[in-house]
Amino acid sequence: MALVSMKSLMNHALENKYAVGYFESWNLESVLSVIDAAERTNSPVIIGFSGMFLGNDERKVEENIYHYGSLGKAIAENSKVPVALLLNEADKVSILINGLKAGFNAIMYQDPKKSFEETIEITKYITRTAHYVGADVEAEVGELPNADIASNTVKGGELTDPDKAEYFVEQTEVDALAVSIGNVHLLEGKKSELDFDLLKTLRKRIKVPLVLHGGTGISEDNLKEAIKLGMCKINVGTVLKRVFINYIQTYLKSNNVDSIDPHEVIGKGGAKDMLCGAREAMSEEIIRFIKIFGSENKAKMM
Ligand code: 13P
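Residues numbered from 1 in each chain as written. Predicted model: local features only at pLDDT ≥ 70, side-chain atom pairs only at ≥ 80, totals over all residues. Heavy atoms only, no water.

Trainee: Explain the site of the ligand here, please?
Mentor: In the vicinity of the ligand, the residues found are Asn 88, Glu 89, His 185, Leu 186, His 213, Gly 214, Gly 215, Thr 216, Asn 235, Val 236, Gly 237 and Thr 238. Elements that contribute at least two residues to the shell around the ligand include exactly strand S3 (83-90) and strand S10 (231-236). Counted by class, the shell around the ligand contains two nonpolar, nine polar and one charged residues. (Near = heavy atom within 4 Å. Helix = DSSP H or I, 4+ residues; strand = E, 2+ residues; numbered from the N terminus. Nonpolar A, V, L, I, M, F, W, Y, C, P; charged D, E, K, R; others polar.)

Structure below.
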């Protein structure tokens, strides 16, 4: 199959009443894990990386967005299922523009420090640029609260105002809108409650596909109900990292790696390779979401 547009995946999902998953990656093993899961279930998928993390000023090594764009594009082009490549939630315009040059065919700008008016102006520029090269743009109106693992609390956030959302989409001409309807970023150990009345209102008034971030912290029932009401793209991140870390922690506790050939532990790809094991564990978790989202076997229809 091929690299396809995020818009086409969302429209197919809308028409066929399922949601396409965006499963966030951070390196080679994680992005391959997403593709493994999508191919095993014959599901369309959105792969990608966090623009905020890749562009994070605290990184020890400054990352080159071309490496990530080229990697993602090559993976998408060689995949057996339709794949879109998203540079997600970047707060720096330069990363997004370079991301487009690097091969991402979908981008999302997000900077909660900017005012609503400033965000509209910046998003207009981003949309014009992305559409010129045939790429899609996602944006968010409202703001998801963030869960704080250390203090077990949920901080900040603002529900999506339908008037503002409608105005924003008209002004910016974005292709997809992420909404804040009770969903929470980074929520582990408990589940958020979605506001379905707000979702129904937004679906009526917003002309573009809607996106649900914070997939980790949403119950299966809430996910399915949201999809029934027309949510057609769902983002999942935190739980995938948790599964990856848990696998490695368990591996290191139950194996004396000092006595194993290091090639066997990292790099050879066999039964003792802990990165392969973590990749497989992460894939299983993605397959669980793909089944909830209803995107299994939908690649065959495209
Ligand atoms: P979680 O990390 O809460 O699953 O959210 C992921 C996300 O929304 C990425 O955009």
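Trainee: What exactly am I supposed to notice about the packing of helix H5 (residues 93-102) against helix H6 (residues 116-132) here?
Mentor: Between two packed helices, the angle of one axis relative to the other and the distance separating the axes together describe the packing. Remark: H5 packs on H6, axes separated minimally by 11 Å, with the N-to-C direction vectors making an angle of 10 degrees. Considering the angle they form, H5 stands roughly parallel to H6. In this structure, H5 uses Val 93, Leu 96, Ile 97 and Leu 100 to contact H6, whose residues at the interface are Ile 122, Tyr 125, Ile 126, Thr 129 and Ala 130. Its residues placed into classes, the contact of H5 with H6 shows eight nonpolar, one polar and no charged. (Axes fitted to C-alpha atoms, helices over the stretch in contact; angles between N-to-C directions. Parallel < 35°, antiparallel > 145°, perpendicular 65-115°, else oblique. Contact = heavy atoms within 4.5 Å.)

Trainee: Help me understand the sheet that holds strand S1 (residues 20-25), please; the structure alone is not making it clear to me.
Mentor: The strands making up a sheet associate through backbone hydrogen bonding, with each pair oriented either parallel or antiparallel. In space, the eight strands of this closed barrel follow the order S1-S2-S3-S4-S5-S8-S9-S10, with parallel pairing throughout. In this sheet, adjacent strand axes meet at a mean angle of 25 degrees when their direction is disregarded. Here strand S4 (residues 106-109) runs beside strand S5 (residues 136-141); their pairing, made up of three bridges, is parallel. Looking at the pairing, Met 108 lines up with Glu 138 of S5. Its contacts with the sheet put helix H1 (residues 6-15) on S1, strand S2 (45-50), S3, S4, S5, strand S8 (176-179) and S10, and the angle it makes with S10 is roughly 120 degrees. Contacting strand S9 (210-212) and S10, helix H9 (residues 220-228) crosses the sheet at an angle of about 145 degrees to S10. (Pairing = 2+ DSSP bridges.)

Trainee: Mind showing me how you'd approach the nonpolar core here?
Mentor: A general tendency of soluble globular proteins is for nonpolar side chains to be buried together. Residues Phe 23, Leu 177 and Phe 293 are the most contacted members of the largest nonpolar core, which totals 76 residues. Sorting elements by how many residues they give to this core places helix H12 (residues 274-293) first, with 10 residues. Not counting chain neighbours up to four residues away, the residues in contact with Leu 177 comprise Ala 139, Glu 140, Val 141, Ala 165, Phe 168, Val 169, Ile 206, Val 208, Pro 209, Leu 210 and Val 211. (Core = buried A, V, L, I, M, F, W, Y, C linked by side-chain atoms within 4.5 Å. Buried < 20%, exposed > 50% of the residue type's maximum accessible area, 1.4 Å probe, protein only.)

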